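# An overview of the molecular structure
Chain residues, written in single-letter form:
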Amino acid sequence: MTLTAIALNCTLKSDPTQKSSTDAMLTVVGDALAKAGVTMSDPVRVAALNILPGVTSDEGPGDDWPDLRRRILDHDILVLAGPIWMGQLGSVAKRVLERMDAFLSETDDAGRMPSYGKVAVTAIVGNEDGAHVSSAQTFQCLNDVGFTIPPVGAIYWVGEAYGSVDFKDLDETPEKVAKTAGMLATNAAHLARLLKDAPIPGADD
């Protein structure tokens with residue numbers, strides 16, 4: 001069974017040529033997904049797009065969300081990745097989650113949101129505390145708007161308190177991070193295959 005994943009890099013850096021620790025983490029996740037039989041597309045630098053504020057699927061002229069929404073729903077697995085800022089999930093990732101709020105009113109005749117049957121995981125980086133609260137926020141939102149979360153659905157790296165070393169500065173991936181990436185990828189792929197074989201039933205099924 002062919003499975004695909006889309007990675008959203010929610011770094012605050014809008015310039016795609018500027019190195020991002022989120023990109024470095026997505027490389028680790030992408031490699032692990034490939035070993036699990038999942039093809040991950042090139043990460044989307046969300047801050048380089050014009051994702052307008054709002055809670056509908058199209059906020060009008062110039063809004064890049066409709067195309068990104070389509071791309072997300074064209075894949076089996078969503079990897080929502082971003083940094084910790086001020087101890088919580090960064091604003092770009094929050095903008096993505098806010099736009100997905102529209103899924104709540106876009107159900108089919110059986111009450112299923114367009115994200116039903118899709119798996120979501122998260123990848124978080126930072127040099128301050130906040131990985132657990134950030135993943136908790138992310139999973140609550142993704143679950144509310146119809147995504148299914150696998151066990152070990154989050155991977156993160158947090159640097160030393162008050163330190164200056166970012167994930168992208170490391171000479172090699174820490175063993176624990178690599179191991180967690182493997183578990184995340186295997187579990188996400190397994191769940192995505194199950195959902196493809198047996199779609200989530202609607203309210204009237």
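Each remark here, short or long, concerns the structure printed above.
A brief structural summary. (Residues numbered from 1 in each chain as written. Predicted model: local features only at pLDDT ≥ 70, side-chain atom pairs only at ≥ 80, totals over all residues. Heavy atoms only, no water.)

### Focus: the pattern of salt bridges
Oppositely charged side chains can pair when the atoms bearing their charge come close. Considering all chains together, one arrives at nine salt bridges under this definition. With its nearest N and O atoms 2.6 Å apart, the salt bridge here joins Asp67 to Arg70. Within this pair, Asp67 and its partner Arg70 are both found in helix 2 (residues 65-73), separated by three residues, close to a single helical turn. We classify Asp67 as partly exposed; its relative accessible area is 39%. (Salt bridge = Lys/Arg side-chain N within 4 Å of Asp/Glu carboxyl O. Helix = DSSP H or I, 4+ residues; strand = E, 2+ residues; numbered from the N terminus. Buried < 20%, exposed > 50% of the residue type's maximum accessible area, 1.4 Å probe, protein only.)

### Observations regarding the environment of Met86
Tracing the backbone through its elements, the reader meets Met86 in the loop between strand 4 (77-85) and strand 5 (88-89). For the pair Met86 and Leu142, spaced 56 residues apart in the sequence, the C-alpha separation amounts to 21 Å.

### Concerning a nonpolar patch on the surface
Taken together, Leu12, Trp85 and Met86 make up a surface patch of nonpolar side chains, about 390 Å² in accessible area. Residue position: Trp85 is located in strand 4. According to the relative accessible area criterion, Trp85 is partly exposed, its value standing at 45%. (Patch = residues over 30% accessible without salt bridge, like charges linked within 9 Å, V, L, I, M, F, W, Y side chains within 5 Å. Areas by Shrake-Rupley, 256 points an atom, 1.4 Å probe, with all protein chains shown as cover.)

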